[in-house]
Amino acid sequence: MSATVEDIGWLRSADGAAAVARAADLQREGADLVGGLARLRAEVGAGHAGPAWELARLRARARPAFGADADVLFLTAETLEQAGRPELAARRATRLLTDVPGPAADLGCGAGTDAIALARAGATVLAVDRDPVARALTAANAAALGLAARVRVSDADAVDLVAAASDGRVGGCPAATLDPARRAEGRRQPDPDRWSPPWSTVTALLDRVPAAVVKVAPGLDHDRVPAGVEAEWVSVGGSIAEALLWAPGLATVARRATLVDRGGHVHELAAPTDPGPAPTGPVRGWLHEPDAAAIRSGLVALVADALGATLVDPTIAYLTSDAPADDPWVTSYRVAEVLPFGVKRLRAELRARGIGRVTVKKRGSPVEPETLARQLRGDGDGRAVVVVTRVAGAPTALVCDPPHGA
Ligand SMILES: C[S@@+](CC[C@H](N)C(=O)[O-])C[C@H]1O[C@@H](n2cnc3c(N)ncnc32)[C@H](O)[C@@H]1O
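Everything quoted here is computed from the prediction, not taken from an experiment. (Residues numbered from 1 in each chain as written. Predicted model: local features only at pLDDT ≥ 70, side-chain atom pairs only at ≥ 80, totals over all residues. Heavy atoms only, no water.)

1. So, the overall build of the protein
Part 1 of the reasoning: The number of helices and strands found in the protein is 14 helices and 18 strands.
Part 2 of the reasoning: Summarising its shape, the C-alpha atoms of the protein cover approximately 70 × 60 × 35 Å along the three principal directions.
Part 3 of the reasoning: At a minimum sequence separation of 6, the contacts of the protein that also span at least 24 residues come to 66%.
Part 4 of the reasoning: Of the roughly 18,700 Å² that the protein leaves accessible, carbon and sulfur atoms contribute 51%. (Helix = DSSP H or I, 4+ residues; strand = E, 2+ residues; numbered from the N terminus. Contact = heavy atoms within 4.5 Å. Areas by Shrake-Rupley, 256 points an atom, 1.4 Å probe, with all protein chains shown as cover.)

Encoded structure:
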């Protein structure tokens, strides 16, 4: 059961804080849900034990992303699931406030990740949400992090605020961030018209407030990006973390890909217009798998150009060239063999090479990688990466060496 506004009020009290600390101790000691909750109920009362137990559990879950902040944050399972990564919220806040230092509106604040990032970047923030629990969480979190004086939480409908936006301001603010709810009943909502606020509010905000940024689904159709708006895809550690639309006042290019590598370094690719696909050519000695942000942003052609590489198929984002690449935008694999795809043939090839364990990667193929990896398992000591894809339209398997360091 999710926390109510009353629960959040109690959790913020000294008794609530003590109960959450006790729940965290029990969880660290390995107490299971039934036993731990029973002990907590006896100590803090039946009505308070559940919310305290749940908050302790959510803070532990939030710790890898939120660091020490997690120990004082107020969360529900739903708002934690909706929350973006704080380091990306900070990056966004800095860019949003470059020319317009604030005040800034957070139009649907959830647990307050963006409002907090904006406040930490120096803005005063108007944080609105139509959900009373979200408002209570944002207020509690701003206070817990010493930012209460900078964050004003308000009950308002973002659709109405954007509809009333004028003179480049929304809710009186010259800068705004919007992160529509893109899930309904626990499922991803692929249709932007059914996000909350819906797509019409997204485009209206981008049109009316020059210093605005909207978080969108990474799978957003490129054709939807309004003219003059910059679309940016951000990956962290190889996976897509977020996609953003920057309003014309902040846009500097049409497409941007941003990669945050495992060491936290940021790399960027950008193009003033859609560069179109990279040229296609035969498979050469090395296969390169581009980073997800380069693929989603449609900027693989820039990577190909930098590496002197070509696509293996016009519809597939694998590149090939004569040399390995020391480049954050790709992972390179030496190609040992190229075969028409077939499990029997592949198995025979792997046996002949003394390969017993494979990692399967696929693109443009219906194979299920884990199932195929099991089918290809053998006694040999060697390891390989098997890439199942299309090459010039034909289903193909590439037997590759594992990348260095794998
Ligand atoms: C994806 S969450 C925001 C998460 C937040 N940016 C974070 O990182 O923690 C979307 C929020 O928008 C709120 N919301 C949805 N439609 C709204 C509307 N029309 N007006 C105000 N808030 C709305 C939801 O209640 C939810 O809290």
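2. Some points on the site of the ligand
Part 1 of the reasoning: Not every one of the 21 residues close to the ligand is listed here, only the nearest: D114, D129, A158, D179 and S196.
Part 2 of the reasoning: A distance of 2.9 Å separates a nitrogen atom of the ligand from a polar side-chain atom of D157.
Part 3 of the reasoning: Calculation on the ligand without its partners gives an accessible area of 610 Å², and the protein chains cover 95% of this total.
Part 4 of the reasoning: Those elements that provide at least two residues to the shell around the ligand are helix 7 (113–120) and helix 9 (158–163).
Part 5 of the reasoning: Among the residues making up the shell around the ligand, the classes are represented as nine nonpolar, six polar and six charged. (Near = heavy atom within 4 Å. Polar contact = N/O pair within 3.5 Å; in protein donor to acceptor, adjacent residues only side chain to side chain. Nonpolar A, V, L, I, M, F, W, Y, C, P; charged D, E, K, R; others polar.)

3. Concerning the pairing of strand 4 (residues 175–178)
Taken residue by residue, a regular strand's side chains alternate between the two faces of the sheet.
Part 1 of the reasoning: Residues A175 and T177 of strand 4 are buried on one face, and the alternating residues A176 and L178, pointing to the opposite face, are buried as well.
Part 2 of the reasoning: Summarising the sheet, strand 1 (residues 104–107) and strand 4 pair through three bridges and their orientation is parallel. Of the residues in strand 4, the one forming a bridge with A104 is A175.
Part 3 of the reasoning: In the sheet, strand 4 pairs with strand 7 (residues 212–216) via three bridges, with the strands oriented parallel. (Buried < 20%, exposed > 50% of the residue type's maximum accessible area, 1.4 Å probe, protein only. Pairing = 2+ DSSP bridges.)

4. Concerning the domain arrangement of the protein
Frequently, the measure chosen for interface size is the accessible area that the parts lose on association.
Part 1 of the reasoning: Per the domain assignment, the segments of the protein are domain 1 (5–62), domain 2 (81–271) and domain 3 (286–400).
Part 2 of the reasoning: When each unit is reduced to the centre of its C-alpha atoms, the spacing between domain 1 and domain 2 is 32 Å. (Domains from an automatic or database assignment.)

5. Structural notes on the packing of helix 3 (residues 33–44) against helix 4 (residues 46–66)
Part 1 of the reasoning: Where helix 3 meets helix 4, the axes come as close as 8 Å, and the angle between the chain directions of the two elements is 130°. Judged on the interaxial angle alone, helix 4 and helix 3 are oblique. Seen from above, helix 3 lies across helix 4 with right-handed handedness. Here L33, G36, L37, L40, R41 and V44 of helix 3 lie close against helix 4, whose contacting residues are A46, H48, A49, G50, A52 and W53.
Part 2 of the reasoning: Its residues assigned to classes, the contact of helix 3 with helix 4 shows eight nonpolar, three polar and one charged. (Axes fitted to C-alpha atoms, helices over the stretch in contact; angles between N-to-C directions. Parallel < 35°, antiparallel > 145°, perpendicular 65-115°, else oblique. Left-handed = near helix turned anticlockwise from the far one by under 90°.)

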